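What follows is the residue order along each chain.
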Protein chains: 2
Amino acid sequence: MSAAARERFAAMSAKLKASGLKSTPQRLAVMKLLAESKGHPSVDDIRARLQKKFPGISQATVYRTIQLAKSLGEAYEIAFAGSGSRYDGRKPHPHPHIVCLACGRIIDPELRSLGEMTREIAAASGFAITTFRLDFFGLCPACRNNKNGSRKT
Amino acid sequence: MSAAARERFAAMSAKLKASGLKSTPQRLAVMKLLAESKGHPSVDDIRARLQKKFPGISQATVYRTIQLAKSLGEAYEIAFAGSGSRYDGRKPHPHPHIVCLACGRIIDPELRSLGEMTREIAAASGFAITTFRLDFFGLCPACRNNKNGSRKT
DNA sequence: CTAAGTGCAAATGATTTGCAGGTAT
DNA sequence: ATACCTGCAAATCATTTGCACTTAG
(Lines give C-alpha, C1' and ligand atoms only; values in the text may rest on other atoms or scores of the structure.)
Protein backbone atom coordinates (compact mmCIF):
# COMPACT_ATOMS: atom_id res chain seq x y z
CA MET A 1 0.00 0.00 0.00
CA SER A 2 1.57 3.23 -1.19
CA ALA A 3 1.83 6.36 0.88
CA ALA A 4 -0.82 7.98 -1.28
CA ALA A 5 -3.17 5.05 -0.80
CA ARG A 6 -2.62 5.09 2.95
CA GLU A 7 -3.42 8.77 2.98
CA ARG A 8 -6.59 8.29 0.95
CA PHE A 9 -7.73 5.49 3.20
CA ALA A 10 -7.08 7.61 6.27
CA ALA A 11 -9.16 10.42 4.79
CA MET A 12 -12.01 8.03 4.04
CA SER A 13 -12.09 6.39 7.44
CA ALA A 14 -11.88 9.78 9.12
CA LYS A 15 -14.87 11.03 7.12
CA LEU A 16 -16.72 7.85 7.95
CA LYS A 17 -16.07 8.22 11.66
CA ALA A 18 -16.96 11.92 11.55
CA SER A 19 -20.26 11.09 9.87
CA GLY A 20 -21.44 9.20 12.93
CA LEU A 21 -22.07 6.07 10.90
CA LYS A 22 -20.56 2.76 11.88
CA SER A 23 -17.07 1.72 10.87
CA THR A 24 -17.82 -1.90 10.09
CA PRO A 25 -15.13 -4.27 8.81
CA GLN A 26 -16.91 -4.54 5.47
CA ARG A 27 -17.05 -0.79 5.00
CA LEU A 28 -13.41 -0.34 5.90
CA ALA A 29 -12.40 -3.13 3.54
CA VAL A 30 -14.35 -1.67 0.62
CA MET A 31 -12.92 1.75 1.28
CA LYS A 32 -9.41 0.40 1.50
CA LEU A 33 -9.79 -1.20 -1.90
CA LEU A 34 -11.16 2.04 -3.31
CA ALA A 35 -8.26 3.93 -1.82
CA GLU A 36 -5.58 1.72 -3.29
CA SER A 37 -6.97 0.50 -6.62
CA LYS A 38 -5.39 2.26 -9.55
CA GLY A 39 -7.51 0.42 -12.07
CA HIS A 40 -11.00 1.86 -11.50
CA PRO A 41 -12.61 -1.36 -10.20
CA SER A 42 -16.21 -2.40 -10.78
CA VAL A 43 -18.57 -3.46 -8.02
CA ASP A 44 -17.95 -7.05 -8.88
CA ASP A 45 -14.19 -6.62 -8.93
CA ILE A 46 -14.45 -5.34 -5.38
CA ARG A 47 -16.82 -8.05 -4.20
CA ALA A 48 -14.57 -10.72 -5.73
CA ARG A 49 -11.43 -9.36 -4.11
CA LEU A 50 -13.17 -9.27 -0.74
CA GLN A 51 -14.36 -12.87 -0.90
CA LYS A 52 -11.30 -14.32 0.82
CA LYS A 53 -11.53 -11.99 3.78
CA PHE A 54 -15.36 -11.82 3.92
CA PRO A 55 -16.73 -15.04 2.46
CA GLY A 56 -20.34 -13.98 2.69
CA ILE A 57 -20.07 -10.37 1.59
CA SER A 58 -22.99 -9.30 -0.57
CA GLN A 59 -23.12 -7.12 -3.64
CA ALA A 60 -25.65 -5.03 -1.78
CA THR A 61 -23.12 -4.12 0.86
CA VAL A 62 -20.54 -3.20 -1.73
CA TYR A 63 -23.06 -1.04 -3.57
CA ARG A 64 -24.20 0.59 -0.35
CA THR A 65 -20.67 1.29 0.80
CA ILE A 66 -19.65 2.79 -2.52
CA GLN A 67 -22.70 5.04 -2.49
CA LEU A 68 -21.76 6.05 1.02
CA ALA A 69 -18.21 6.87 -0.05
CA LYS A 70 -19.59 8.89 -2.94
CA SER A 71 -21.90 10.82 -0.64
CA LEU A 72 -18.95 11.57 1.63
CA GLY A 73 -17.13 12.96 -1.39
CA GLU A 74 -14.55 10.19 -1.18
CA ALA A 75 -15.24 8.20 -4.31
CA TYR A 76 -16.02 9.03 -7.91
CA GLU A 77 -18.25 6.97 -10.19
CA ILE A 78 -17.64 6.50 -13.89
CA ALA A 79 -20.89 5.16 -15.31
CA PHE A 80 -21.08 3.47 -18.67
CA ALA A 81 -24.09 2.51 -20.73
CA GLY A 82 -24.37 -1.22 -21.21
CA SER A 83 -21.87 -2.19 -18.55
CA GLY A 84 -21.45 -1.66 -14.86
CA SER A 85 -19.97 1.48 -13.34
CA ARG A 86 -16.33 1.74 -12.40
CA TYR A 87 -15.10 3.58 -9.33
CA ASP A 88 -12.17 5.74 -8.33
CA GLY A 89 -11.30 6.32 -4.70
CA ARG A 90 -7.93 7.85 -5.40
CA LYS A 91 -9.14 10.95 -7.22
CA PRO A 92 -12.72 11.48 -6.03
CA HIS A 93 -13.50 14.34 -8.39
CA PRO A 94 -14.45 14.63 -12.06
CA HIS A 95 -11.49 14.06 -14.33
CA PRO A 96 -10.98 12.77 -17.87
CA HIS A 97 -10.37 9.12 -18.66
CA ILE A 98 -9.05 6.99 -21.46
CA VAL A 99 -10.85 3.67 -21.80
CA CYS A 100 -9.45 0.70 -23.71
CA LEU A 101 -12.25 -0.86 -25.74
CA ALA A 102 -10.49 -4.23 -25.83
CA CYS A 103 -9.35 -4.92 -22.27
CA GLY A 104 -11.42 -2.43 -20.29
CA ARG A 105 -8.42 -0.71 -18.80
CA ILE A 106 -9.03 2.88 -17.75
CA ILE A 107 -6.27 5.40 -17.20
CA ASP A 108 -6.20 9.03 -16.11
CA PRO A 109 -4.49 11.27 -18.65
CA GLU A 110 -2.93 14.60 -17.93
CA LEU A 111 -4.96 17.36 -19.48
CA ARG A 112 -4.53 21.06 -19.03
CA SER A 113 -6.90 23.39 -20.90
CA LEU A 114 -10.00 21.72 -19.51
CA GLY A 115 -10.81 24.58 -17.16
CA GLU A 116 -10.33 26.96 -20.01
CA MET A 117 -12.62 24.90 -22.20
CA THR A 118 -15.28 24.85 -19.48
CA ARG A 119 -15.20 28.63 -19.15
CA GLU A 120 -15.49 28.97 -22.91
CA ILE A 121 -18.52 26.67 -22.95
CA ALA A 122 -20.18 28.48 -20.07
CA ALA A 123 -19.68 31.87 -21.64
CA ALA A 124 -20.97 30.80 -25.04
CA SER A 125 -24.03 28.89 -23.79
CA GLY A 126 -25.14 30.88 -20.78
CA PHE A 127 -25.21 27.70 -18.70
CA ALA A 128 -23.86 27.64 -15.16
CA ILE A 129 -21.57 24.63 -15.57
CA THR A 130 -21.12 22.56 -12.44
CA THR A 131 -19.47 19.39 -13.66
CA PHE A 132 -18.38 17.49 -16.73
CA ARG A 133 -17.66 14.08 -18.14
CA LEU A 134 -14.84 13.46 -20.57
CA ASP A 135 -13.80 10.05 -21.83
CA PHE A 136 -11.65 9.02 -24.73
CA PHE A 137 -12.05 5.50 -26.12
CA GLY A 138 -9.61 3.47 -28.11
CA LEU A 139 -7.01 0.73 -27.90
CA CYS A 140 -4.30 0.80 -25.26
CA PRO A 141 -0.69 0.21 -26.30
CA ALA A 142 -0.83 -3.46 -25.26
CA CYS A 143 -4.07 -4.18 -27.14
CA ARG A 144 -2.90 -2.43 -30.29
CA ASN A 145 -0.59 -5.39 -30.82
CA ASN A 146 -1.90 -8.57 -29.28
CA LYS A 147 -5.57 -9.41 -29.32
CA ASN A 148 -5.46 -10.26 -25.63
CA GLY A 149 -7.58 -8.64 -22.98
CA SER A 150 -6.08 -9.15 -19.55
CA ARG A 151 -8.51 -7.07 -17.58
CA LYS A 152 -6.34 -4.99 -15.29
CA THR A 153 -8.44 -3.27 -12.71
CA MET B 1 -39.57 20.40 -41.38
CA SER B 2 -36.42 22.32 -42.16
CA ALA B 3 -34.28 21.76 -45.21
CA ALA B 4 -31.63 20.17 -43.03
CA ALA B 5 -34.15 17.80 -41.48
CA ARG B 6 -35.49 16.84 -44.89
CA GLU B 7 -31.98 16.10 -46.04
CA ARG B 8 -31.22 13.98 -42.97
CA PHE B 9 -34.45 12.03 -43.42
CA ALA B 10 -33.64 11.43 -47.07
CA ALA B 11 -30.21 10.11 -46.11
CA MET B 12 -31.73 7.78 -43.53
CA SER B 13 -34.41 6.35 -45.78
CA ALA B 14 -31.87 5.91 -48.55
CA LYS B 15 -29.56 3.95 -46.25
CA LEU B 16 -32.50 1.89 -45.08
CA LYS B 17 -33.54 1.03 -48.60
CA ALA B 18 -29.95 0.30 -49.60
CA SER B 19 -29.63 -2.08 -46.65
CA GLY B 20 -32.25 -4.37 -48.12
CA LEU B 21 -34.36 -4.17 -44.97
CA LYS B 22 -37.98 -3.21 -45.13
CA SER B 23 -39.16 0.39 -45.15
CA THR B 24 -42.11 0.02 -42.83
CA PRO B 25 -44.26 2.99 -41.84
CA GLN B 26 -43.08 2.66 -38.22
CA ARG B 27 -39.43 2.74 -39.19
CA LEU B 28 -39.88 5.72 -41.46
CA ALA B 29 -41.80 7.57 -38.76
CA VAL B 30 -39.15 6.94 -36.11
CA MET B 31 -36.42 8.01 -38.49
CA LYS B 32 -38.29 11.14 -39.44
CA LEU B 33 -38.53 12.13 -35.80
CA LEU B 34 -34.85 11.45 -35.31
CA ALA B 35 -34.06 13.54 -38.37
CA GLU B 36 -36.00 16.56 -37.24
CA SER B 37 -35.77 16.59 -33.43
CA LYS B 38 -33.40 19.21 -32.17
CA GLY B 39 -33.88 18.22 -28.55
CA HIS B 40 -32.22 14.80 -28.32
CA PRO B 41 -35.39 12.80 -27.62
CA SER B 42 -35.61 9.72 -25.44
CA VAL B 43 -37.17 6.45 -26.53
CA ASP B 44 -40.29 7.34 -24.68
CA ASP B 45 -40.44 10.83 -26.16
CA ILE B 46 -40.46 9.20 -29.56
CA ARG B 47 -43.02 6.56 -28.68
CA ALA B 48 -45.29 9.22 -27.19
CA ARG B 49 -45.08 11.47 -30.22
CA LEU B 50 -45.89 8.55 -32.51
CA GLN B 51 -48.98 7.50 -30.57
CA LYS B 52 -51.38 9.64 -32.60
CA LYS B 53 -50.22 8.27 -35.92
CA PHE B 54 -49.54 4.71 -34.71
CA PRO B 55 -51.81 4.02 -31.76
CA GLY B 56 -50.37 0.60 -31.02
CA ILE B 57 -46.68 1.30 -31.55
CA SER B 58 -44.48 -0.52 -29.07
CA GLN B 59 -41.38 0.54 -27.23
CA ALA B 60 -39.70 -2.52 -28.71
CA THR B 61 -40.17 -1.21 -32.22
CA VAL B 62 -38.81 2.19 -31.27
CA TYR B 63 -35.80 0.60 -29.61
CA ARG B 64 -35.22 -1.70 -32.57
CA THR B 65 -35.50 1.09 -35.09
CA ILE B 66 -33.12 3.33 -33.19
CA GLN B 67 -30.58 0.53 -32.96
CA LEU B 68 -31.01 0.02 -36.67
CA ALA B 69 -30.43 3.70 -37.37
CA LYS B 70 -27.34 3.57 -35.18
CA SER B 71 -25.99 0.56 -37.03
CA LEU B 72 -26.54 2.37 -40.30
CA GLY B 73 -24.49 5.24 -38.93
CA GLU B 74 -27.52 7.53 -39.00
CA ALA B 75 -28.17 8.12 -35.31
CA TYR B 76 -26.05 8.85 -32.29
CA GLU B 77 -26.81 7.68 -28.76
CA ILE B 78 -26.06 9.69 -25.65
CA ALA B 79 -26.32 7.24 -22.76
CA PHE B 80 -26.68 8.37 -19.16
CA ALA B 81 -26.37 6.38 -15.97
CA GLY B 82 -29.62 6.29 -14.05
CA SER B 83 -31.83 7.56 -16.84
CA GLY B 84 -32.69 6.53 -20.34
CA SER B 85 -30.54 7.31 -23.36
CA ARG B 86 -31.19 10.27 -25.59
CA TYR B 87 -30.74 10.20 -29.35
CA ASP B 88 -29.55 12.51 -32.06
CA GLY B 89 -30.40 11.88 -35.69
CA ARG B 90 -29.27 15.29 -36.89
CA LYS B 91 -25.58 14.89 -36.09
CA PRO B 92 -24.96 11.16 -36.03
CA HIS B 93 -21.38 11.41 -34.82
CA PRO B 94 -19.69 11.98 -31.47
CA HIS B 95 -19.90 15.59 -30.38
CA PRO B 96 -19.93 17.43 -27.06
CA HIS B 97 -23.13 18.28 -25.19
CA ILE B 98 -24.31 20.55 -22.45
CA VAL B 99 -26.97 18.99 -20.24
CA CYS B 100 -29.27 20.98 -17.97
CA LEU B 101 -29.56 19.17 -14.65
CA ALA B 102 -32.91 20.80 -13.89
CA CYS B 103 -34.98 20.46 -17.07
CA GLY B 104 -33.04 17.82 -18.99
CA ARG B 105 -32.44 20.02 -21.98
CA ILE B 106 -29.40 19.08 -24.05
CA ILE B 107 -27.70 21.44 -26.45
CA ASP B 108 -24.75 21.11 -28.81
CA PRO B 109 -22.08 23.71 -28.11
CA GLU B 110 -19.51 24.91 -30.55
CA LEU B 111 -16.10 23.67 -29.56
CA ARG B 112 -12.92 23.95 -31.52
CA SER B 113 -9.74 22.52 -29.98
CA LEU B 114 -11.27 19.10 -29.44
CA GLY B 115 -9.34 17.48 -32.26
CA GLU B 116 -6.22 19.05 -30.92
CA MET B 117 -6.98 17.75 -27.45
CA THR B 118 -7.56 14.25 -28.82
CA ARG B 119 -4.23 14.24 -30.59
CA GLU B 120 -2.52 15.42 -27.42
CA ILE B 121 -4.15 12.61 -25.41
CA ALA B 122 -3.24 9.98 -27.99
CA ALA B 123 0.38 11.10 -28.14
CA ALA B 124 0.80 11.19 -24.38
CA SER B 125 -0.92 7.86 -23.62
CA GLY B 126 0.04 5.71 -26.58
CA PHE B 127 -3.62 4.80 -27.10
CA ALA B 128 -5.13 4.69 -30.57
CA ILE B 129 -8.14 6.93 -29.85
CA THR B 130 -11.22 6.10 -31.90
CA THR B 131 -13.98 8.06 -30.21
CA PHE B 132 -14.82 10.23 -27.23
CA ARG B 133 -17.58 11.39 -24.96
CA LEU B 134 -17.74 14.93 -23.65
CA ASP B 135 -20.61 16.34 -21.63
CA PHE B 136 -20.88 19.43 -19.52
CA PHE B 137 -23.56 19.55 -16.83
CA GLY B 138 -25.14 22.57 -15.21
CA LEU B 139 -28.15 24.85 -15.27
CA CYS B 140 -29.44 26.34 -18.48
CA PRO B 141 -30.21 30.06 -18.64
CA ALA B 142 -33.94 29.49 -18.03
CA CYS B 143 -33.43 27.22 -15.03
CA ARG B 144 -30.88 29.53 -13.43
CA ASN B 145 -33.80 31.82 -12.65
CA ASN B 146 -37.06 29.97 -12.26
CA LYS B 147 -37.23 26.61 -10.56
CA ASN B 148 -39.32 25.23 -13.41
CA GLY B 149 -38.40 22.29 -15.55
CA SER B 150 -40.34 22.35 -18.81
CA ARG B 151 -38.74 19.35 -20.43
CA LYS B 152 -37.97 20.49 -23.97
CA THR B 153 -36.94 17.56 -26.07
C1' DC C 1 -28.92 -2.07 24.90
C1' DT C 2 -30.43 -0.26 20.31
C1' DA C 3 -29.80 2.21 16.18
C1' DA C 4 -27.47 0.95 12.25
C1' DG C 5 -25.55 -2.53 9.08
C1' DT C 6 -25.57 -7.01 6.73
C1' DG C 7 -27.06 -10.82 3.65
C1' DC C 8 -30.61 -12.51 1.09
C1' DA C 9 -34.05 -12.28 -2.15
C1' DA C 10 -37.42 -9.73 -4.32
C1' DA C 11 -38.22 -5.20 -6.71
C1' DT C 12 -36.94 -1.74 -10.04
C1' DG C 13 -36.01 0.59 -14.48
C1' DA C 14 -33.99 0.58 -18.94
C1' DT C 15 -33.36 -2.26 -22.69
C1' DT C 16 -33.57 -6.82 -25.19
C1' DT C 17 -35.60 -10.93 -26.87
C1' DG C 18 -38.90 -15.04 -28.07
C1' DC C 19 -42.86 -15.87 -30.20
C1' DA C 20 -47.21 -15.82 -32.96
C1' DG C 21 -49.50 -13.27 -36.09
C1' DG C 22 -49.11 -9.38 -39.80
C1' DT C 23 -47.02 -6.97 -44.00
C1' DA C 24 -43.61 -5.14 -47.41
C1' DT C 25 -41.49 -6.68 -51.48
C1' DA D 1 -45.18 -16.43 -51.24
C1' DT D 2 -42.15 -15.60 -47.63
C1' DA D 3 -38.68 -13.44 -45.19
C1' DC D 4 -38.90 -9.71 -42.48
C1' DC D 5 -41.64 -6.90 -38.84
C1' DT D 6 -44.58 -5.84 -35.28
C1' DG D 7 -46.72 -5.95 -30.65
C1' DC D 8 -46.89 -8.25 -26.55
C1' DA D 9 -45.00 -10.18 -22.62
C1' DA D 10 -41.35 -12.38 -20.50
C1' DA D 11 -36.28 -12.14 -19.87
C1' DT D 12 -31.91 -9.57 -18.80
C1' DC D 13 -28.65 -6.71 -16.45
C1' DA D 14 -27.12 -3.37 -13.28
C1' DT D 15 -28.61 -1.45 -9.24
C1' DT D 16 -31.80 -0.68 -5.24
C1' DT D 17 -34.70 -1.95 -1.50
C1' DG D 18 -37.53 -4.57 2.22
C1' DC D 19 -36.91 -7.50 5.84
C1' DA D 20 -35.28 -10.33 9.76
C1' DC D 21 -31.10 -11.04 11.96
C1' DT D 22 -26.55 -9.34 13.66
C1' DT D 23 -23.27 -6.00 15.54
C1' DA D 24 -20.71 -1.60 16.56
C1' DG D 25 -20.64 1.91 19.89
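Everything that follows concerns the structure shown earlier in this document.
First, a word on what this report is: a plain description of the structure on this page. Numbers given to residues run from 1 along each chain, matching the order in which its sequence is written. Starting at A for chains and at 1 for ligands, labels are handed out in the order in which the entities are written. With pLDDT at 70 or above as the cut-off, local features in this predicted model cover only qualifying residues; side-chain atom pairs require 80 or more to be listed or tallied, and sums for whole chains, interfaces and linings still use all residues. Side-chain measures here rest on the full set of heavy atoms in the structure, leaving out hydrogens and waters.

Points about the interface of chain B and chain A
Stated formally: We call two residues contacting when some pair of their heavy atoms lies within 4.5 Å. Defined here as a combined quantity, buried area equals the accessible surface (1.4 Å probe) lost by two parts on assembly, summed across both. Salt bridge, as used here, is a side-chain nitrogen of Lys or Arg placed within 4 Å of a carboxyl oxygen of Asp or Glu.
Contacts between the two partners involve 35 residues from chain B, matched on the other side by 35 residues from chain A. Carbon and sulfur atoms make up 70% of the area that chain B and chain A hide from each other, which totals about 3,000 Å². Summed over the three residues of chain B that lose the most area to chain A, namely B:Met117, B:Phe127 and B:Phe136, the buried surface amounts to 23% of that side. At the junction of chain B with chain A, the criterion picks out two salt bridges. Across the pair B:Arg112 and A:Glu120 runs a salt bridge whose closest N-O atoms are separated by 3.0 Å.

Brief notes about the protein's contact with DNA strand C
The criterion, for reference: The near set for a molecule or strand comprises every residue that places at least one heavy atom within 4 Å of it. We define a polar contact as two N or O atoms separated by no more than 3.5 Å, with the added condition that, inside protein, one atom must be a possible hydrogen donor and the other a possible acceptor, whereas residues neighbouring each other in sequence contribute only through side-chain atom pairs. Where helices and strands are cited, they refer to DSSP runs of H or I of at least four residues and of E of at least two residues respectively, numbered from the N terminus. Three classes are used, and their members are as follows: Ala, Val, Leu, Ile, Met, Phe, Trp, Tyr, Cys and Pro are nonpolar, Asp, Glu, Lys and Arg are charged, and the others, Gly among them, are polar.
Lining the immediate environment of DNA strand C, one finds 20 residues, of which A:Thr24, A:Arg27, A:Thr61, A:Arg64 and B:Tyr63 sit closest. At the protein interface, 68% of the atoms of DNA strand C within 4 Å belong to sugar or phosphate. Taking B:Arg64, its side chain carries an N or O atom lying 3.4 Å from a base oxygen of DNA strand C. Counting only elements with at least two residues in the surface near DNA strand C, the list comes to helix H2 (25–36) and helix H4 (59–71) of chain A together with helix H4 (59–71) and strand S2 (83–88) of chain B. Split into classes, the residues belonging to the surface near DNA strand C amount to six nonpolar, nine polar and five charged.

A short note on the relation of the copies chain B and chain A
Under the convention used in this document: The copies were overlaid by least squares, fitting only the C-alpha atoms of residues that reach a pLDDT of 70 or more in each copy.
Screw-axis analysis of chain B against chain A gives a translation of 0.0 Å along the axis, an RMSD of 0.1 Å, and a rotation angle of 180°. Taken together, the rotation and translation relating the two chain copies correspond to the operation of a two-fold axis. Closest approach to the rotation axis among the C-alpha atoms of chain B is made by B:Leu134, whose C-alpha sits 2.2 Å away. Here 100% of the interface residues in chain B have copies in chain A that are interface residues too; the copies meet face to matching face.

Some points on the protein's contact with DNA strand D
Neighbouring DNA strand D are 19 residues, the closest being A:Tyr63, B:Thr24, B:Arg27, B:Thr61 and B:Arg64. Among atoms of DNA strand D positioned within 4 Å of the protein, sugar and phosphate together represent 67%. One of the backbone nitrogen or oxygen atoms of B:Lys22 is found 3.1 Å away from a phosphate oxygen of DNA strand D. Taking B:Ser58, its side chain carries an N or O atom lying 3.1 Å from a phosphate oxygen of DNA strand D. Looking at which element gives the most residues to the surface near DNA strand D, the answer is H4(A), with four residues. Broken down by class, the residue content of the surface near DNA strand D amounts to five nonpolar, nine polar and five charged.

Quick word on the pattern of salt bridges
Counted by the stated rule, this structure contains 14 salt bridges over all chains. B:Lys91 serves as the salt-bridge partner of B:Asp108, at 3.4 Å between the closest nitrogen and oxygen. Note that B:Asp108 is positioned in the loop between strand S4 (106–107) and helix H5 (114–125) and B:Lys91 in the loop between S2 and strand S3 (97–100), a separation of 17 residues in sequence. Linked through salt bridges whose partners overlap, the residues forming this network are A:Arg8, A:Lys15 and A:Glu74.

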